[in-house]
Amino acid sequence: MSKFRKDSGKELPAISTSSLPDIVFMILIFFMVTVKMRDVSLKVHVVTPQATELSKLEKKSLVSNIYVGEPLAQYQRTFGSEPTIQLNDQFAGVGDIINFITAEREARDEAEVPFMITSLKVDQYTKMGIVTDIKQELRKASALHINYSARKKETVD
Amino acid sequence: MARRKLPEIPNASLADIAFMVLIFFLMVSTMDTDMGLERRLPPMPPPDQEKDDTPPIKERNVFVVLVNAQNQLLVEGEWLQVEDLREKAKEFMSNPNDDPNLPEMTEKDVPFFGPTKITKGVISLQNHVGTQYGTYIAVQSELVGAINDLRNELSQKQFGKPYNKLNSDQQDAVQEIYPSRISEAEPKKIGGGK
């Protein structure tokens, strides 16, 4: 009749799982909050072309985006169906690019300005005329580091 | 009549449901990684520069790629498909047999490699205003790919690993042998049609 007798008859009480849903919901909400949504709403239709030699865009904060493509159906009445440039949240002309680059530079830290990249998200059926114009404007603004946004091409072997 | 107590709903499966929702969100929210073809534009020439006095590049040193408004390629005066461009560009940049029609080679001392023949070749890409952007990117991608292939082959032969696994000194040496010289013509506002 020892006091320290192992009571093998009794089972261990099961760990309560009633708080598990709360933990999982916490993780879920964490993910939902941290996933970064696209910060501009696209007003032009962009399907980027396919290419093989791609590199990843690191440092999202240093990237400024220029979208080019046909305006979406609801804007075609006012802006026509020719490929148009979209900067930030609005339609723009080629002449606005220099101002856009300047504004983007001012928004960044001065030390980061040399590492800024301009990402051109251009629809694959756009004619090169407008792209060449944009490139000339970027050269004038000396934003020389650019990235032609593209999708990875599935190689058929 | 006494109310019967309702049986409690088991909540053990709530965790599984929540996990399912969690996994759904994890799958759907692809943190859309931006991929792209990285290029550097040449700086704008200073406005006071009238005529550049750089000596003209010999014709054998230039690999001319023309793309017209119908998205057709003319490479070195020859009609070519985009798929065949990479091989052609590689042959041009490496010039393995010292062909007199392919670019000149100059001997130079490169670290890790010793005296090596380095090509003077330049790739020149010209496109029409009406060229489709998709074609333009495909051509650019093939040209960049040709140079990347050559670099990879060389570093595989010399160091036994691919180019992007080399350290920066080795990369510089490989880069010196196969420079990435793709020039784009200044846009010309001539020629008919849109």
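Reading the values: rules and limits
Residues numbered from 1 in each chain as written. Chains lettered and ligands numbered in written order. Predicted model: local features only at pLDDT ≥ 70, side-chain atom pairs only at ≥ 80, totals over all residues. Helix = DSSP H or I, 4+ residues; strand = E, 2+ residues; numbered from the N terminus. Buried ≥ 20, exposed ≤ 12 C-beta atoms within 10 Å, placed from the backbone. Contact = placed C-beta atoms within 7 Å. Pairing = 2+ DSSP bridges. pLDDT = per-residue confidence, 0-100. Axes fitted to C-alpha atoms, helices over the stretch in contact; angles between N-to-C directions. Core = buried A, V, L, I, M, F, W, Y, C linked by C-beta atoms within 7 Å. Parallel < 35°, antiparallel > 145°, perpendicular 65-115°, else oblique. Left-handed = near helix turned anticlockwise from the far one by under 90°. Expected span 1.5 Å × (residues − 1).

## What about the overall build of chain B?
So, point 1. Each helix and strand counted, chain B has 4 helices and 8 strands in total.
So, point 2. Listed N to C, the secondary structure of chain B is α-β-β-β-β-α-β-β-β-α-α-β in terms of helices and strands.
So, point 3. When burial is assessed residue by residue, chain B has 22% of its 194 residues classed as buried.
So, point 4. Within chain B, contacts between residues separated by at least 24 positions form 63% of all contacts whose residues are at least 6 apart in sequence.

## Digging into the interface of chain A and chain B
So, point 1. Taken residue by residue, the interface counts 45 residues in chain A and 38 residues in chain B.
So, point 2. If you list the elements that add at least two residues to the side of chain A that touches chain B, you get helix H1 (20-34), strand S3 (55-56), strand S7 (117-122), helix H4 (128-140), strand S8 (145-149) and strand S9 (151-152) of chain A.
So, point 3. If you tally residues by element for the side of chain A that touches chain B, the top one is H4(A), at 9 residues.
So, point 4. Judged from the 2 bridges that link them, S3(A) and strand S1 (residues 35-40) of chain B form a sheet pairing that is antiparallel. When the bridges of S1(B) are listed, Ser55(A) appears paired with Gly36(B).

## Considerations on unusual backbone geometry
So, point 1. Look at Asn88(A): it is not a glycine, yet its phi comes out positive at around 50 degrees.
So, point 2. Positionally, Asn88(A) belongs in the loop between strand S5 (84-87) and strand S6 (90-92).
So, point 3. Exposure remark for Asn88(A): the 14 C-beta atoms within 10 Å place this residue in the partly exposed category.
So, point 4. Despite not being glycine, Asn71(B) shows a phi value in the positive range, around 65 degrees.
So, point 5. Along the polypeptide, Asn71(B) turns up in the loop between strand S2 (62-67) and strand S3 (73-75).

## Topic: the environment of Pro179(B)
All names here are of chain B.
So, point 1. Mapping Pro179 onto the fold places it in the loop between helix H4 (168-177) and strand S8 (182-184).
So, point 2. For Pro179, a count of 16 C-beta atoms within 10 Å gives the class partly exposed.
So, point 3. Residues Pro179 and Ile147, 32 residues apart in the sequence, show an inter-C-alpha distance of 7.8 Å.

## Some points on the pairing of S5(A)
Residue and element names in this part refer to chain A.
So, point 1. With burial as the criterion, each face of S5 is covered, one bearing Thr84 and Gln86 and the other bearing Ile85 and Leu87.
So, point 2. Across 4 bridges, the pairing between strand S4 (residues 63-71) and S5 is antiparallel. Looking at the pairing, Val68 lines up with Ile85 of S5.
So, point 3. Two strands pair when backbone bridges link them, and S5 and S6 are joined in this way by 3 bridges, in the antiparallel orientation. Across the sheet, Gln86 pairs through a bridge with Phe91, a residue of S6.

## Points about the confidence of the model for chain B
Residues and elements named next belong to chain B.
So, point 1. Here chain B averages 80 in pLDDT, and 88% of its residues register 70 or above.
So, point 2. The weakest mean pLDDT in chain B belongs to helix H1 (residues 14-28) at 79; the strongest belongs to helix H3 (residues 133-159) at 88.
So, point 3. Below pLDDT 50 for its whole length, residues 190-194 participates in 4 contacts with residues either more than four positions away or in separate chains.
So, point 4. Overall fold confidence (pTM) sits at 0.74, and the ipTM for the predicted complex is 0.72.

## As for the sheet that holds S3(B)
Two strands in a sheet stick together by hydrogen bonds in their backbones, pointing the same way (parallel) or opposite ways (antiparallel).
Residue and element names in this part refer to chain B.
So, point 1. One open sheet holds the 5 strands; their spatial order is S4-S3-S2-S7-S8, and the pairing between them is mixed. The open sheet has two edge strands, strand S4 (78-80) and S8, and neither has a second partner. Each neighbouring strand pair of the sheet contributes to a mean axis angle of 25 degrees, computed without reference to strand direction.
So, point 2. Bridging between S2 and strand S7 (residues 122-127) involves 6 bridges; their strand directions are parallel. In the sheet register, Phe63 faces S7, and the bridge partner there is Ile123.

## Structural notes on the nonpolar core
All names here are of chain B.
So, point 1. Counting residues in each nonpolar core, the largest one holds 44 residues, and the members touching the most others are Leu37, Val65, Ala89, Ile137 and Val139.
So, point 2. When residues of this core are assigned to their parent elements, the largest contribution, 9 residues, is made by H3.
So, point 3. Here Ala89 is in contact with Phe63, Ile123, Leu143 and Ala146, once residues within four sequence places are set aside.

## Examining the packing of helix H2 (residues 82-94) of chain B against H3(B)
Residue and element names in this part refer to chain B.
So, point 1. One way to put it is that H2 packs onto H3 with a least axis distance of 9 Å and a crossing angle of 40 degrees. As summarised for this structure, H2 and H3 are arranged oblique, according to the angle between their axes. The element H2 and its partner H3 pack so that their crossing is right-handed. Residues Val82, Leu85, Arg86, Ala89, Lys90, Met93 and Ser94 of H2 lie in contact with H3, whose contacting residues are Ala138, Val139, Glu142, Leu143, Gly145, Ala146, Ile147, Asp149 and Leu150.

## As for H1(A)
So, point 1. In this model H1(A) runs 21 Å from its N-terminal to its C-terminal C-alpha over 15 residues, within 8% of the 21 Å that 1.5 Å per residue would give.
So, point 2. With 0 of 15 residues buried, H1(A) is to be regarded as a mostly surface element.

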